[in-house]
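# Observations on chain architecture
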Amino acid sequence: MHSITSYSNEAHRLQVVHLWETVFGYEAAHNTPSLAIDKKLEADDDLFFVALLEGEIVGTIIAGYDGHRGWLYSVAVHPSHRQRGLGSALVRHAEQALTMRGCMKINLQIMSGNESVGGFYESLGYTVEKRVSMGKRIPENITQNLSCASERQQPDA
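These notes cover the structure that comes with them.

Cut-offs and rules
Residues numbered from 1 in each chain as written. Predicted model: local features only at pLDDT ≥ 70, side-chain atom pairs only at ≥ 80, totals over all residues. Heavy atoms only, no water. Helix = DSSP H or I, 4+ residues; strand = E, 2+ residues; numbered from the N terminus. Expected span 1.5 Å × (residues − 1). Buried < 20%, exposed > 50% of the residue type's maximum accessible area, 1.4 Å probe, protein only. Phe/Tyr/Trp six-rings, centres within 6.5 Å; stacked < 30°, edge-to-face > 60°. Core = buried A, V, L, I, M, F, W, Y, C linked by side-chain atoms within 4.5 Å. Contact = heavy atoms within 4.5 Å. Pairing = 2+ DSSP bridges. Axes fitted to C-alpha atoms, helices over the stretch in contact; angles between N-to-C directions.

Turning our eyes to something else, we now look at helix α1 (residues 9-23). Between the first and last C-alpha of α1 there are 20 Å, a value that for 15 residues agrees with the 21 Å anticipated at 1.5 Å per step. Among the residues of α1, those classed as buried are His12, Arg13, Val16, Val17, Leu19 and Trp20. Note on α1: the residue one or two positions beyond its end, glycine 25, has a positive phi of about 55°.

A few words on the packing of aromatic side chains. Per the stated rule, a full pass over the model turns up six aromatic pairs. Taking 6.4 Å as the distance between ring centres and 25° as the angle between the ring planes, the aromatic pair formed by tryptophan 71 and tyrosine 73 counts as stacked. Classification of tyrosine 73 by relative accessible area gives partly exposed; the value is 41%. Aromatic rings pair up to connect Tyr7, Trp20, Phe24 and Phe48 into one cluster.

Counting residues in hydrophobic clusters, the biggest one holds 19 residues, and the most contacted among them are Ile61, Leu72, Val91 and Leu98. Put simply, the parts of the chain that give this core at least two residues each are β2 (48-53), β3 (56-65), β4 (69-77) and α3 (86-100). Among the elements that make up this core, the one with the highest residue count is α3 (six residues). In this structure leucine 98 touches Leu47, Ala63, Gly64, Tyr65, Gly70, Trp71, Leu72, Cys103 and Ile106, once residues within four positions along its chain are discounted. One finds Val16, Val17, Leu19 and Leu52 within the second-largest nonpolar core, a separate group that totals twelve residues.

All right, on to α3 then. Look at α3: 21 Å from first C-alpha to last across 15 residues, which is about the 21 Å you get at 1.5 Å a residue. Along α3, the positions that sit buried rather than exposed are Leu86, Gly87, Ser88, Ala89, Leu90, Val91, Ala94, Glu95, Ala97 and Leu98. The elements touched by buried residues of α3 are β1 (3-6), β2, β3, β4, β5 (105-108) and α4 (118-123). Remark: glycine 102 follows α3 within two positions and exhibits a positive phi of approximately 95°.

Turning to the sheet that holds β5, a few remarks are in order. With mixed pairing, the five strands of this open sheet are ordered in space as β1-β2-β3-β4-β5. Sheet topology places β1 and β5 at the edges, where each strand pairs with a single neighbour. For this sheet, the mean angle separating the axes of adjacent strands, direction not counted, is 30°. Alignment of β1 against β2, held across four bridges, turns out to be antiparallel. Within β2, the position partnered with isoleucine 4 by the bridge is alanine 51. Helix-sheet contacts for α1 involve β1, β2, β3 and β4, and the interaxial angle to β3 is about 85°.

Okay, structure coming up:
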C-alpha cells in the first residue's frame, strides 16, 4: 500500500527528478525537473506531495494556491504503478490540502498530445471549461535558476 506525504528535499529530490524525466520527458528549459523543484520549494507552501511505496517514490503532485483559485501540476504516476488508484489518491490529497486553505475552485491544464488523460480528470469531477490558456516565459528567471539547479543536482566530487 502506498502512502502520500509532503516532499522532503533531501530524501526525495533524485527520485522525483527521475520520475518526472520518465513520465513527462519535458524538453522546455522552464520545465527542467530540478528547476521546477527549486522554484516550488521557494514558495514554501507545503503543497508538494509524493506517493511512496516501500520507500520509493511512485507518484507526485504539486498544488498551488493564490488565495482564490488552486492549481494542480506535475501529477505523475510511475508507469508500472498506474491503474491502481494512485493518481486519484494524489489528486484527492491535493484537493483536501487546497480545500483546507479555503480554495473555492481548482484548475489544471492538460498538455497538448496528452488529451487521453481527460477521462481520468473527468472521473474526478473536472470539466472542460471554455478558456484560452496563455503563457509567457520569463527567460532571465529560467536561465539564472537553471545553473543553480544544475549545481545542486551534481554530487560532491
